[in-house]
Amino acid sequence: MSRAPKFYQGQVCLNVLANTVDNAMDCYDVAEGHIVLGVLSKKYASNQSAIDDMKQYQEATNNALSIGLGAGDPNQSTMVTRLTEELHLKHENQVFTGVGGSRAVLKQEETFINGPVSPTGKVGYVNIATGPLSSKMPAAEVTIEVAIALLKDMGGSSVKYFSMNGLVHLDEYKAVAKACAKMISP
């Protein structure tokens, strides 16, 4: 089977966590390359140990790699930006306020960057205060359309609606999905 990457704009792919390089290779093969494999920055003690390990994942999966914060931990934002700058992965999960910094160090548009927003309990509104400092403050509630526009301004590629808590916020989630579909640029 060809190990050519299949992660391109306009295509749908699977995003799952990988716990070992072998596990990542197996998932990559089963998905026929239509996958990005998540590795959490939070599990590493240093940038260098993460870089060394993630390079093995990159090689094994043709760079079909996604870096995660680790349970949405805003304190991982700086580490994610540093890893992104060094590794140029296919996909990154970053706090809302870190999206622009990550895009700036990448100096390219190919890497997909998720910017998380949180439920507010109000349909059509999201909380964008997901950063290291802002997450400790009262919610910064904006319409989902404003959040999407801000993400686009910062170079973000997608919204990560986190954390959904199962189906508790289903109506809010539907509003987010509809807004994303409406705001796709031609």
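Residues numbered from 1 in each chain as written. Predicted model: local features only at pLDDT ≥ 70, side-chain atom pairs only at ≥ 80, totals over all residues. Heavy atoms only, no water.

Visitor: Sorry, what's going on with the packing of helix α1 (residues 21-30) against helix α2 (residues 47-61) here?
Guide: The angle between the axes and the distance between the axes are what describe a pair of packed helices. At a minimum axis separation of 9 Å, α1 and α2 run at an interaxial angle of 25°. When the interaxial angle is binned, α1 and α2 end up roughly parallel. As α1 packs across α2, the resulting crossing turns out to be right-handed. Facing Val 21, Ala 24, Met 25 and Tyr 28 of α1, the residues of α2 in contact are Gln 56, Tyr 57, Ala 60 and Thr 61. Taken together, the residues of the contact of α1 with α2 sort by class into six nonpolar, two polar and no charged. (Axes fitted to C-alpha atoms, helices over the stretch in contact; angles between N-to-C directions. Helix = DSSP H or I, 4+ residues; strand = E, 2+ residues; numbered from the N terminus. Parallel < 35°, antiparallel > 145°, perpendicular 65-115°, else oblique. Left-handed = near helix turned anticlockwise from the far one by under 90°. Contact = heavy atoms within 4.5 Å. Nonpolar A, V, L, I, M, F, W, Y, C, P; charged D, E, K, R; others polar.)

Visitor: Sorry, what's going on with the pairing of strand β1 (residues 14-17) here?
Guide: Looking down a regular strand, the side chains alternate between one sheet face and the other. Where β1 lies against strand β2 (residues 35-40), four bridges are found, and the strand directions are parallel. Within β2, the residue paired with Leu 14 across the bridge is Ile 35. Taking the sense of rotation as the criterion, the β-α-β connection linking β1, α1 and β2 turns out right-handed. (Pairing = 2+ DSSP bridges. Right-handed = clockwise from strand over helix to strand, strands pointing away.)

Visitor: Looking at this structure, I do not really get the state of the cysteines. What am I missing?
Guide: Formally, a disulfide is one covalent bond, and it connects the sulfur atom of one cysteine to the sulfur atom of another. With the rule as written, the count across this model stands at zero disulfides. Summary of cysteine pairing: Cys 13 is not part of a disulfide, and the nearest cysteine sulfur, belonging to Cys 27, is at 13 Å. (Disulfide = S-S within 2.5 Å.)

Visitor: Sorry, what's going on with the packing of α2 against helix α3 (residues 77-87) here?
Guide: One can describe the packing of α2 onto α3 by two numbers: an axis separation of 10 Å at closest approach and a directional angle of 45°. The pairing of α2 with α3 is recorded here as oblique in orientation. Relative to α3, the crossing made by α2 is right-handed. On α3, the residues that touch Asn 47, Ala 50, Ile 51, Met 54, Lys 55 and Gln 58 of α2 are Met 79, Arg 82, Leu 83, Glu 86 and Leu 87.

Visitor: Please clarify how the nonpolar core should be interpreted in this entry.
Guide: General note: in soluble globular proteins, nonpolar side chains tend to be found buried as a group. Core analysis: the biggest nonpolar cluster contains 24 residues, and Tyr 44, Met 54, Tyr 57 and Leu 83 have the highest contact counts within it. Top contributing element to this core by residue count: α2, with five residues. In this structure Tyr 44 touches Val 39, Ser 49, Ala 50, Asp 53, Met 54, Tyr 57 and Met 79, once residues within four positions along its chain are discounted. Counting residues in hydrophobic clusters, the runner-up holds 15 residues, among them Val 126, Ile 148, Leu 151 and Tyr 161. (Core = buried A, V, L, I, M, F, W, Y, C linked by side-chain atoms within 4.5 Å. Buried < 20%, exposed > 50% of the residue type's maximum accessible area, 1.4 Å probe, protein only.)

Visitor: Whenever I open this one, α1 confuses me. Can you help?
Guide: Residues lying three or four places apart along an α-helix face the same way, a consequence of the helix completing one turn every 3.6 residues. Listed in full, the buried residues belonging to α1 are Val 21, Ala 24 and Tyr 28. One side of α1 holds all its buried residues, which, seen down the axis, span an arc of 55°. Along α1, the residues that are exposed and aim more than 90 degrees away from the buried face are Asp 22, Asp 26 and Val 30. Packing partners of the buried residues in α1 comprise β2 and α2. In the segment just after α1, Glu 32 is the residue with positive phi, at about 50°. (Arc of directions from axis to C-beta.)

Visitor: Can you walk me through the packing of aromatic side chains in this structure?
Guide: Each pair of aromatic rings is reported with the distance of its centres and the angle of its planes. Overall, the coordinates contain one aromatic pair when judged by the stated rule. Residues Tyr 161 and Tyr 173 carry aromatic rings whose centres are separated by 6.1 Å and whose planes lie at 45° to one another, so their mutual orientation is tilted. With Tyr 161 in strand β8 (residues 158-161) and Tyr 173 in helix α6 (residues 170-182), this residue pair connects regions lying twelve residues apart in the sequence. The exposure class of Tyr 173 is partly exposed, given its relative accessible area of 37%. (Phe/Tyr/Trp six-rings, centres within 6.5 Å; stacked < 30°, edge-to-face > 60°.)

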